[in-house]
Amino acid sequence: MSATQRAWLYVRRNTKRTILLFLLFGILMTISLLAVALYTASRASVSELRERIGGYIMIQTGQDGKERTGDILLNQLKQLDNVKDWNGVDTYYMYAEGVKLVPGSYSGTGEAGECMPKCIGCLDTSLHERFITSSFQMAEGRHITPDDVHTVILSKDVAEKNGLSVGDTVTLSVVEGVRDWLENAYGTQVNLKIVGIYATTHNEPASPSTPESELQENIFFTDSTTAKELFVIRFPNRTIGDYTYSSGIMLFLKDPSRMDETVSLLKQQPCADWDGLVVTPNDTAYQKAAGPILKAATISRFMLLTILVISIVILALILLMWTRERVHEIGILISLGRPAGDIYRQLLLENYIVAVPAYIVSVLISAILAGQLVSAVSGASVQVHLDAVHAILILACSAGVIFLAVLIASAAILRKRPREILIDLI
């Protein structure tokens, strides 16, 4: 009788052991499949976050003001490897003609500060820090792009207070008392079309001494072209080529995990004196979002490795116990001239005959559970699914674990001669 026939006969006759082994294989394989699916999904989610959220590097003029963060510098830096997007930000103040702002410290005084919002000129408002961190969210309309001219985005609070909506126009001007403007600029006006309205997502602390211009609801986002036009009026001795993004240049990275490498590469560029610039890396948004997912991946990887080790130990102990009970049977087979390799194949096939159907059932169960499983480990939200790669990986690992466990359990007995086995039985 061949090893295969003997293995099949043993499995059929020992029903209780077969059922126990089937359940053990099924449970271990199901948990392993879910663990590897979770790990793979977590890693994929981190890669997606790198592309979607990324990190950014803020470059600002130093205190000495010698190095300027203008378009010349931006056009060179945006060509760097790992740079995906960019934004230039300029901050200035103007008087909002006939617009009621959210009240601050100037409320009721009649001074210019009562109607003076903070204006932030951007190449792309969707890449401004307020929107990246979701402290502001678009409620109506759209974001400002580099192609826009004379456009503005204002808060929902200001819009409702003044009955304004997307498509309306607001007038900003320069009057006495407006910050950072010379007297010869008084009377300057610019009409801006409202293209978007944002909503604030949380309340920032403010005190009675906080001026209107520093309240988050009173921020007006304008296009960069408008900011540049006003720059040459605000600084009559400068040209448009001298324009500086007063609040800095933001370089957004394709892969925030390469933040340090990119900062190092940045400072090697000969286009600027980096001692005169302040370079601030920021991957807080990425780390905040990716941290829980990375933790879920680490936990699932640890779980998988633990399961593999435990599986080997448990199977080896169980098979060792069962194999010792079969010393007489193995002794007879050896005395009949069956080689150790043939007996080992029988023991191995007995386990594989049970493991194959257990594997098929575990794949079906895991596919159902994985489709419904959303990891909530440490706040991570990762959609898990099972694919053919996961299934093949666990099949290969399971075959290896069974092979090793059977080898450990049977090695000591198969090395003995029939006489030694007989002495052990006595």
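Going by the structure above, here's the rest.
Residues numbered from 1 in each chain as written. Predicted model: local features only at pLDDT ≥ 70, side-chain atom pairs only at ≥ 80, totals over all residues. Heavy atoms only, no water.

> Hey, could you go over the pattern of salt bridges for me, with residue numbers and the actual values?
Scanning the entire structure with this criterion turns up 11 salt bridges. Arg179 is the salt-bridge partner of Glu214, the closest N and O atoms lying 3.8 Å from each other. One end of the pair, Glu214, is in the loop between strand 8 (189-200) and strand 9 (219-223); the other, Arg179, is in the loop between strand 7 (169-173) and strand 8, with 35 residues separating them in the sequence. The network of salt bridges with shared partners includes Arg6, Asp342 and Arg345. (Salt bridge = Lys/Arg side-chain N within 4 Å of Asp/Glu carboxyl O. Helix = DSSP H or I, 4+ residues; strand = E, 2+ residues; numbered from the N terminus.)

> So, the packing of aromatic side chains: which residues are in play, and what are the values?
When we look at a pair of aromatic rings, we describe it by the centre distance and by the angle of the planes. Applying the stated criterion across every chain yields a total of 11 aromatic pairs. Seen from their ring centres, Phe231 and Tyr243 are 5.2 Å apart, and the 85° between their planes marks the pair as edge-to-face. Here Phe231 is found in helix 6 (residues 224-234), whereas its partner Tyr243 is found in the loop between helix 6 and strand 10 (248-253), with 12 residues between them in sequence. Of the residues examined, Phe231 reaches a relative accessible area of 3% and is grouped as buried. What makes Tyr243 buried here is its relative accessible area of 2%. In this structure an aromatic cluster arises from ring pairing among Phe131, Phe136, Tyr198 and Phe221. (Phe/Tyr/Trp six-rings, centres within 6.5 Å; stacked < 30°, edge-to-face > 60°. Buried < 20%, exposed > 50% of the residue type's maximum accessible area, 1.4 Å probe, protein only.)

> Help me get a handle on the environment of Asp81, residues and values and all.
Structurally, Asp81 can be placed in the loop between helix 3 (71-77) and strand 2 (83-93). The class of Asp81 is partly exposed, set by a relative accessible area of 48%. The sequence separation of Asp81 and Thr262 amounts to 181 residues, and the corresponding C-alpha distance is 7.9 Å. Residues within four places of Asp81 in sequence aside, it is in contact with Arg258 and Thr262. Within polar-contact distance, the side chain of Asp81 engages the side chain of Arg258 at 2.8 Å. (Contact = heavy atoms within 4.5 Å. Polar contact = N/O pair within 3.5 Å; in protein donor to acceptor, adjacent residues only side chain to side chain.)

> Describe unusual backbone geometry, and please don't skip the residues or the numbers.
Backbone geometry places Asn82, a non-glycine residue, at a positive phi of 80°. Locating Asn82 in the fold gives a position in the loop between helix 3 and strand 2. With relative accessibility at 1%, the residue Asn82 sits in the buried group. Phi angles above zero are rare outside glycine, and His150 is one such case at about 55°.

> Break down helix 1 (residues 3-13) for me, with residues and values.
Those residues of helix 1 that fall on the buried side of the exposure criterion are Ala3, Arg6, Ala7, Tyr10 and Val11. With its buried residues spanning 130° around the axis, helix 1 presents them on a single face. Within helix 1, the exposed residues directed more than 90 degrees away from the buried face are Arg12 and Arg13. (Arc of directions from axis to C-beta.)

> Describe the nonpolar core, and please don't skip the residues or the numbers.
Core analysis: the largest hydrophobic core is formed by 48 residues, its most contacted members being Ile59, Met94, Phe220 and Leu266. Per-element accounting of this core gives the leading share, 4 residues, to strand 8. Judged by nonpolar contacts, the second largest core, of 23 residues, contains Phe25, Leu319, Val354 and Ala355. (Core = buried A, V, L, I, M, F, W, Y, C linked by side-chain atoms within 4.5 Å.)

> Residues and numbers for helix 7 (residues 259-266), please.
Of all the positions in helix 7, only Met259, Thr262, Val263 and Leu266 are classed as buried. For helix 7, the arc enclosing every buried residue in end-on projection is 100°, short of the 170-degree limit, so these residues lie on one face. Where the residues of helix 7 are buried, they touch strand 1 (56-61), helix 3, strand 10 and strand 11 (277-282).

> Requested: an account of the environment of Ser126, with residues and values cited.
Here Ser126 lies in the loop between strand 4 (118-122) and helix 4 (129-132). Residues Ser126 and Asn87 lie 39 residues apart in sequence; the distance between their C-alpha atoms is 9.2 Å. Residue contacts for Ser126: discarding those within four places in its chain leaves Phe131, Ile132 and His143. Polar contacts involving the side chain of Ser126 include one to the side chain of Asp124, which spans 2.6 Å.

> Which residues make up empty space enclosed by the protein, and what values do they have?
Tallying each qualifying case throughout the model produces 2 cavities of 30 Å³ or more. By volume, the largest cavity is sized at about 180 Å³. Around the largest cavity, the lining is made up of 16 residues, and of these Tyr10, Trp322, Arg326, Glu350 and Asn351 lie nearest the centre. Among the elements that take part in the lining of the largest cavity, helix 10 (residues 340-372) stands out by supplying 4 residues, more than any other. Its residues assigned to classes, the lining of the largest cavity shows 9 nonpolar, 4 polar and 3 charged. Its volume calculated, the second largest cavity comes out at about 120 Å³. Leu28, Met29, Ser311, Ser398 and Val401 are the residues nearest the centre of the second largest cavity, which is lined by 13 residues in total. Considering each element in turn, the lining of the second largest cavity owes the most residues, 5 residues, to helix 11 (residues 388-414). (1 Å grid on protein atoms, 1.4 Å probe; cavity = no way out; pocket = protein on both sides within 12 Å on 5 of 7 lines; lining within 4 Å. Points joined across faces, edges and corners; volume = space filled by probe spheres on them. Nonpolar A, V, L, I, M, F, W, Y, C, P; charged D, E, K, R; others polar.)

> Can you explain a nonpolar patch on the surface? Please cite residues and give values.
A cluster of nonpolar side chains, namely Ile19, Leu23, Ile27, Ile31, Ile299 and Met303, defines an oily patch on the protein surface of about 500 Å² accessible area. Looking at the nonpolar patch, the elements that each hand over two or more residues are helix 2 (15-52) and helix 8 (284-324). Counting residues per element, the nonpolar patch draws most heavily on helix 2, which supplies 4 residues. Here Ile299 shows up in helix 8. According to the relative accessible area criterion, Ile299 is partly exposed, its value standing at 33%. (Patch = residues over 30% accessible without salt bridge, like charges linked within 9 Å, V, L, I, M, F, W, Y side chains within 5 Å. Areas by Shrake-Rupley, 256 points an atom, 1.4 Å probe, with all protein chains shown as cover.)

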